[in-house]
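# Summary of structural features
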Amino acid sequence: MAVAAVIVTHNSADVINSCIEALSKMGPNITPIIVDNASSDETVDRVKVRSGVRLIANPENRGFAAAVNQGEREATARAASEGDFILLLNPDVELLTAVDQLTESAQRHGLAAGRLVDQAGRTQAGFTLRRFPTPAALICELFGINRLWPSNPVNRRYRCLDCNYDEPAIVEQPAGAFLMVRRDVWKKLGGFDEQFYPVWFEDVDFCRRAVGAGYQIAYVPSVTARHEGGHSVGRILEGRRATYWCVSLLRYGAKHFQAGEFRWICAAVALSSVPRMVVGMIAGRTLSTVGSYLKIMQFAGHCLVTPKHVTNASITVI
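Analysis parameters
- Residues numbered from 1 in each chain as written.
- Predicted model: local features only at pLDDT ≥ 70, side-chain atom pairs only at ≥ 80, totals over all residues.
- Heavy atoms only, no water.
- Phe/Tyr/Trp six-rings, centres within 6.5 Å; stacked < 30°, edge-to-face > 60°.
- Helix = DSSP H or I, 4+ residues; strand = E, 2+ residues; numbered from the N terminus.
- Buried < 20%, exposed > 50% of the residue type's maximum accessible area, 1.4 Å probe, protein only.
- Pairing = 2+ DSSP bridges.
- Salt bridge = Lys/Arg side-chain N within 4 Å of Asp/Glu carboxyl O.
- Core = buried A, V, L, I, M, F, W, Y, C linked by side-chain atoms within 4.5 Å.
- Contact = heavy atoms within 4.5 Å.
- Patch = residues over 30% accessible without salt bridge, like charges linked within 9 Å, V, L, I, M, F, W, Y side chains within 5 Å.
- Areas by Shrake-Rupley, 256 points an atom, 1.4 Å probe, with all protein chains shown as cover.
- Disulfide = S-S within 2.5 Å.

Looking now at the packing of aromatic side chains. If you walk through the whole model with that rule in mind, you get eight aromatic pairs. Aromatic pair Phe64 and Phe192: ring centres 6.1 Å apart, planes at 45°, arrangement tilted. Separated by 128 residues along the polypeptide, Phe64 in helix H3 (residues 64-78) and Phe192 in the loop between helix H8 (183-189) and helix H9 (202-212) bring together distant segments of the chain. Of the two residues, Phe64 and Phe192, both sit in the buried class. Summarising the aromatic geometry, the rings of Phe201 and Tyr252 are spaced 5.5 Å apart at their centres and angled 35° between planes, so their arrangement reads as tilted. In this pair, Phe201 is assigned in the loop between H8 and H9 and Tyr252 in helix H10 (residues 238-256), connecting sequence segments 51 residues apart. We classify Phe201 as buried; its relative accessible area is 6%. Judged by its relative accessible area of 0%, Tyr252 falls in the buried class.

Here it is, written out as C-alpha cells:
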C-alpha cells in the first residue's frame, strides 16, 4: 500500500534532513512530498538534493492547511496508485518504527495515528492525543487556567491526561503532526479547511468532521516517532502567534459550537486578551504586542455581535 508523506516546511532547514532520512529507511512505498511555504533559510536547497523527494516551493506562505492540500493533490496527480494513504508529518518529526500498522488501521477505520515521544523517549502526553475541545476547555486555555493548574478536571479530560498511552484505542483528536488518512476519506471530507490561516485548529476541525462523517480514528502506540515540538510556531513573534491562535479558535468555534456557546468563546477571547496583554508588556518590557491584542479584542467583539463576521471577514496579522 503506497503512502504519500506530506510535509509542510517553513524555515525548517535544521530539521528536514533528519525527517527525510528517517522516512527513507521505511522502504520504497513511502514517497515524501515537501511543500515549502516561502522559507528564507536553506530548506529548499536541502530538499532539492534529496533523491526520491518531491518538492513544491511556494513563493509565498500559503498557510499550513493550503500547503497540506497542495501536497495531497500532488500525490493524486502523479499516479492513481500512488498515495493510497496520506501521512501528515511535521518536519520536526522522525519516524522510529515502520508505519505498516498505521496503514492497516487506517484501512479499517479511515484514520490512524501513532505515538509521539520527546528526545528522551517519553510519550508526549497532552499533545499526542486530545479530546475535542469544549467551550469550557477553550475558556480555561484562554485565561491560562490550564497552564497554572494543569491537573484541573477540564484540562485532564481535554488533554487525555487520564488515558493509558500504552494501549491501542479509538480516539478523537490525535496530533496532526503524525496522522495517517485513507485517501478516499480525505477526498470525501475535502481535505483541510483553508480558512484556518495560517495555522492552528485545521487538524482539529478535520478530525471532528471525520468522526461526524462516521469514520473512526485509531491510536496505534506501537508506531512511534520522535517529535521536537514547537519548531515553526515557536519562531512566530508573540503578538502574531496570539492573533493567529485566537482567530483560528474563533473560526473553529463558529463552525462547531452552538450560537450561545460561541458567544461565550467570543467574550472569553476579548476579556482574556487584557491580562495577557499586560503580562506581555511586563515580561517583554515592550508595547509591541499591544496592537495585536487590540486587534484580537476588536475581532472578537465583532464576532460577538455578528457571529457570521468570523467566516466572511479577515484580520490583518502580517
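Let's pick the thread back up.
With eight of its eight residues buried, strand S2 (residues 30-37) lies for the most part within the structure. Of the two faces of S2, both are covered, the one formed by Ile30, Pro32, Ile34 and Asp36 as well as the one formed by Thr31, Ile33, Val35 and Asn37. Here strand S1 (residues 3-9) pairs with S2 via seven bridges, running parallel. From the neighbouring strand, Thr9 faces S2, where its bridge partner is Asp36.

What follows covers the pattern of salt bridges. If you walk through the whole model with that rule in mind, you get 12 salt bridges. The salt bridge partner of Arg209 is Asp205, with a shortest N-O separation of 3.0 Å. With Arg209 and Asp205 both in helix H9 and four residues apart, this pair spans about one turn of that helix. When salt bridges with common partners are traced through the structure, they connect Asp193, Asp205, Arg209 and Lys255 into a single cluster.

Counting 63 residues, the largest nonpolar core has Leu88, Leu111, Phe192, Phe201, Leu249, Leu250 and Val269 as the members making the most contacts within it. Tallying contributions element by element places H10 first for this core, with eight residues. Dropping the residues within four chain positions of it, Leu88 is found in contact with Val6, Val68, Gly176, Ala177, Phe178, Leu179, Trp186 and Phe192. Within the second largest apolar cluster, 30 residues are counted, among which are Ala5, Cys19, Ile30 and Val53.

A word on a nonpolar patch on the surface. Taken together, the side chains of Phe143, Ile145, Leu148, Trp149 and Leu271 make up a nonpolar region of the molecular surface, amounting to roughly 560 Å² of accessible area. Assignment of secondary structure puts Phe143 in the loop between helix H5 (135-142) and helix H6 (145-148). Relative accessible area serves as the criterion here: at 38%, Phe143 is assigned to the partly exposed category.

Counted according to the given criterion, the structure contains zero disulfides. Looking at the unpaired Cys246, the closest cysteine sulfur is the one in Cys266, lying at 11 Å. Residue Cys246 is classed as buried on the basis of its relative accessible area of 1%. Of all cysteine sulfurs, the one in Cys303 lies closest to Cys266, which takes part in no disulfide; the gap is 5.2 Å. For Cys266, a relative accessible area of 0% puts it in the buried group.

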